[in-house]
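# Summary of the model geometry
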Amino acid sequence: MDRETLERNLGPDNVITTFEQMANGERKYKMVSEDGSYYCRTVASSQGAWQNSHFHNHITEFYVVQSGWIAYAKFTNDQMLEIRVMCEGDHIIVEPGVHHNLYMSANSVIHTIKYGLNTHSDWSASPELDSITHILMESELLQTYG
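Our subject in this report is the structure included herewith. (Residues numbered from 1 in each chain as written. Predicted model: local features only at pLDDT ≥ 70, side-chain atom pairs only at ≥ 80, totals over all residues. Heavy atoms only, no water.)

Looking only at helices and strands, the protein features two helices and 13 strands. The dimensions of the protein, computed from C-alpha atoms along their principal axes, are 50 × 35 × 30 Å. Buried positions account for 42% of the 146 residues belonging to the protein. Put simply, of all contacts in the protein between residues at least 6 apart along the chain, 64% involve residues at least 24 apart. If you sum the accessible surface of the protein, you get close to 8,000 Å²; carbon and sulfur atoms cover 51% of it. Each charge class in the protein was averaged separately, 9 positive and 19 negative side chains, and the resulting centres sit 5 Å apart. (Helix = DSSP H or I, 4+ residues; strand = E, 2+ residues; numbered from the N terminus. Buried < 20%, exposed > 50% of the residue type's maximum accessible area, 1.4 Å probe, protein only. Contact = heavy atoms within 4.5 Å. Areas by Shrake-Rupley, 256 points an atom, 1.4 Å probe, with all protein chains shown as cover. Lys, Arg positive; Asp, Glu negative; His and termini not counted. Charge placed at Lys NZ, Arg CZ, Asp CG, Glu CD.)

In structure tokens, the structure reads:
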């Protein structure tokens, strides 16, 4: 992942704040505790884009859409693709082991909370899901799933 990162340690609880400029143009503002729990505000670029597909072995993610819309893609237990378009106020919980990805529409804003064991190193790429999601265009997402 190409990105620019700024980091700072805040307060006696060892909460680290970071800013990351992602390769797809997203801006991520994070607060990460030494126990690995995590909050992130993500602001999409001026053009919609997919994130990188991934899964976690031990953590749960809670996503909330503040503004705009996103598409949430995942593999079901039988490896079928499921996509859900989510709008302002919608939320979803992603359990450990679920291969998933997000498409963020232009200028959309989401909030993510991660919790569970070992959140610092519990991110694994899912190239199988990337090969499917990265070819889906915004117009197709809205027409088929919106």
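Turning next to unusual backbone geometry. What is expected of a backbone is that most residues other than glycine have negative phi and most peptide bonds are trans. One non-glycine residue, Q79, lies in the positive phi region at around 65°. With respect to the helices and strands, Q79 occurs in the loop between β8 (69-75) and β9 (81-87). Backbone geometry at N107 places phi at a positive 60°, although glycine is not the residue there. On the secondary structure map, N107 appears in the loop between β11 (100-104) and β12 (109-116).

Before going further, it helps to spend a moment on the packing of aromatic side chains. Counted by the stated rule, this structure contains three aromatic pairs. Between W50 and Y103, the aromatic rings sit 5.5 Å apart at their centres with planes inclined by 70°, giving edge-to-face as the arrangement. Linking W50 in strand β5 (residues 49-50) with Y103 in strand β11, this pair joins segments that are 53 residues apart in sequence. Taken individually, W50 and Y103 each receive the classification buried, so the pair is uniform in this respect. A network of ring pairs unites the aromatic residues W50, W69 and Y103 as a single cluster. Over the aromatic face of Y38 sits the side chain of K114, whose NZ or CZ is 4.6 Å from the ring centroid. (Phe/Tyr/Trp six-rings, centres within 6.5 Å; stacked < 30°, edge-to-face > 60°. Lys NZ or Arg CZ within 6 Å of the ring centre and 35° of its normal.)

The element β11 is largely enclosed, with a buried count of five among its five residues. Side chains H100, L102 and M104 project from β11 onto one buried face, and the interleaved N101 and Y103 project onto a second face that is buried too. Sheet topology places β5 next to β11; two bridges connect them, and they run antiparallel. If you follow W50 over to β11, its bridge partner there is Y103. Across five bridges, β8 lies against β11 in antiparallel orientation. (Pairing = 2+ DSSP bridges.)

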